[in-house]
Amino acid sequence: MRPRATQWDTPGPFYEDNQPLRNPMCTEDPNYATSPKLTLNFKLSDRSCRPLRHFFVDVWSADSNGNYRDHCRSLLQTNASGMFTLETIKPAPYPGRPKHLHYLVHATRLNNMCHGQFTTQSYFPERYDYASLVKSCRDDVTGDNTIRGLICDFNIVLHDPRPCS
């Protein structure tokens, strides 16, 4: 059975293009040292479960105070397995919105794929009842059993992109 394509979600009013590679992200947040950390293991594939290589993914979120700042934005690229890992902090909610991250996926000239931009979000409720793209999350525990934050695995499945002609 083919997986369902990931549901589109609004980019919201805070998207800004031309962001640099920033990994880890949000390190300039004034509360970075004490904020819960978030490790995102990200996989991008088509509905036939083929990895989507060399796609760019813009990622942005609110900082620890619920504000959108440049240091909480990054442009990343999937590897030959359609994956990347991002280190950041757990974003804070802001009025009317739960904790969440945004993703904008777009093709590159490297992969010769004709797929338009695709935007979605992932949400982080306080308890472990994660929604949206989250495949699984687990505590990130240090050697002395201190919980550092969360490690989450995400899959984004695009409707089958096609080669450019």
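Definitions and limits used
- Residues numbered from 1 in each chain as written.
- Predicted model: local features only at pLDDT ≥ 70, side-chain atom pairs only at ≥ 80, totals over all residues.
- Heavy atoms only, no water.
- Helix = DSSP H or I, 4+ residues; strand = E, 2+ residues; numbered from the N terminus.
- Buried < 20%, exposed > 50% of the residue type's maximum accessible area, 1.4 Å probe, protein only.
- Areas by Shrake-Rupley, 256 points an atom, 1.4 Å probe, with all protein chains shown as cover.
- Disulfide = S-S within 2.5 Å.
- Core = buried A, V, L, I, M, F, W, Y, C linked by side-chain atoms within 4.5 Å.
- Pairing = 2+ DSSP bridges.
- Axes fitted to C-alpha atoms, helices over the stretch in contact; angles between N-to-C directions.
- pLDDT = per-residue confidence, 0-100.
- Contact = heavy atoms within 4.5 Å.
- Lys, Arg positive; Asp, Glu negative; His and termini not counted.
- Salt bridge = Lys/Arg side-chain N within 4 Å of Asp/Glu carboxyl O.
- Polar contact = N/O pair within 3.5 Å; in protein donor to acceptor, adjacent residues only side chain to side chain.

1. Digging into the overall build of the protein
Thinking step 1. Tallying secondary structure elements over the protein gives 0 helices and 10 strands in all.
Thinking step 2. For the protein, the N- to C-terminal ordering of α and β elements is β-β-β-β-β-β-β-β-β-β.
Thinking step 3. Here the protein, with 165 residues, has 47% of them falling under the buried criterion.
Thinking step 4. For the protein, the accessible surface area stands at approximately 8,800 Å², while carbon and sulfur atoms represent 51% of it.

2. Some words on the state of the cysteines
Thinking step 1. Evaluation of the coordinates by the stated rule reveals 1 disulfide.
Thinking step 2. Between the sulfur atoms of cysteine 26 and its disulfide mate cysteine 72 the distance is 2.1 Å. Here cysteine 26 is found in the segment before β1 (37–46), whereas its partner cysteine 72 is found in strand β3 (residues 68–77), with 46 residues between them in sequence. The same class applies to cysteine 26 and to cysteine 72, which are both buried.

3. Notes on the nonpolar core
Inside soluble globular proteins, nonpolar side chains tend to come together where they are buried.
Thinking step 1. By size, the foremost hydrophobic cluster in this structure holds 27 residues, and its most contacted members are Val59 and Tyr103.
Thinking step 2. A per-element tally of this core places strand β9 (residues 147–158) first, with 5 residues.
Thinking step 3. Listed in part, the 5 residues of the second largest apolar core include Trp60, Ala62, Tyr68 and Leu104.

4. Some points on the sheet that holds strand β5 (residues 100–106)
Thinking step 1. Ordered by their spatial adjacency, 4 strands build an open sheet running β3-β2-β5-β7, and the pairing between neighbours is antiparallel. Two strands bound the open sheet, and with one partner strand each, they are β3 and β7 (118–123). Here the average twist between neighbouring strands, direction ignored, is 20 degrees.

5. Points about the confidence of the model for the protein
Thinking step 1. Here the protein shows a mean pLDDT of 80. Residues at 70 or above account for 81%.
Thinking step 2. Throughout residues 127–133 the model reports pLDDT below 50, and contacts reaching past four residues in sequence, or to other chains, amount to 20 contacts.

6. A word on the environment of valine 59
Thinking step 1. In this structure, valine 59 sits in strand β2 (residues 56–62).
Thinking step 2. For valine 59, a relative accessible area of 1% puts it in the buried group.
Thinking step 3. For the pair valine 59 and leucine 86, spaced 27 residues apart in sequence, the C-alpha separation works out to 9.2 Å.
Thinking step 4. Residues within four places of valine 59 in sequence aside, it is in contact with Met25, Cys72, Arg73, Ser74, Leu76, Phe84, Leu86, Leu101, His102 and Tyr103.

7. A closer look at the pairing of β1
Thinking step 1. In terms of residue burial, β1 counts as a mostly covered element, since 8 of its 10 residues are buried.
Thinking step 2. With 7 bridges connecting them, β1 and strand β4 (residues 83–89) associate as antiparallel partners. For lysine 37, the partnering residue across the bridge sits in β4 and is isoleucine 89.

8. With respect to the environment of alanine 62
Thinking step 1. By the element assignment, alanine 62 lies in strand β2.
Thinking step 2. Taking the relative accessible area as the measure of exposure, alanine 62 reaches 1% and is therefore buried.
Thinking step 3. Each C-alpha atom, one on alanine 62 and one on proline 91, is 5.3 Å from the other, the two residues being 29 residues apart in sequence.
Thinking step 4. Ignoring any residue separated from it by four or fewer positions in sequence, one finds alanine 62 in contact with Asn67, Tyr68, Cys72, Pro91, Ala92 and Tyr94.

9. Quick notes on the side chain of aspartate 29
Thinking step 1. Its place among the elements puts aspartate 29 in the segment before β1.
Thinking step 2. Within the buried set, aspartate 29 has no salt-bridge partner at all; the shortest N-O distance to an opposite charge, 7.6 Å, is to arginine 69.
Thinking step 3. Within the structure, the side chain of aspartate 29 is placed 2.7 Å from the backbone nitrogen of asparagine 31, a separation counted as a polar contact.
Thinking step 4. Ignoring sequence-local partners within four residues, the contact set of aspartate 29 consists of Asp63, Ser64, His71 and Ile89.

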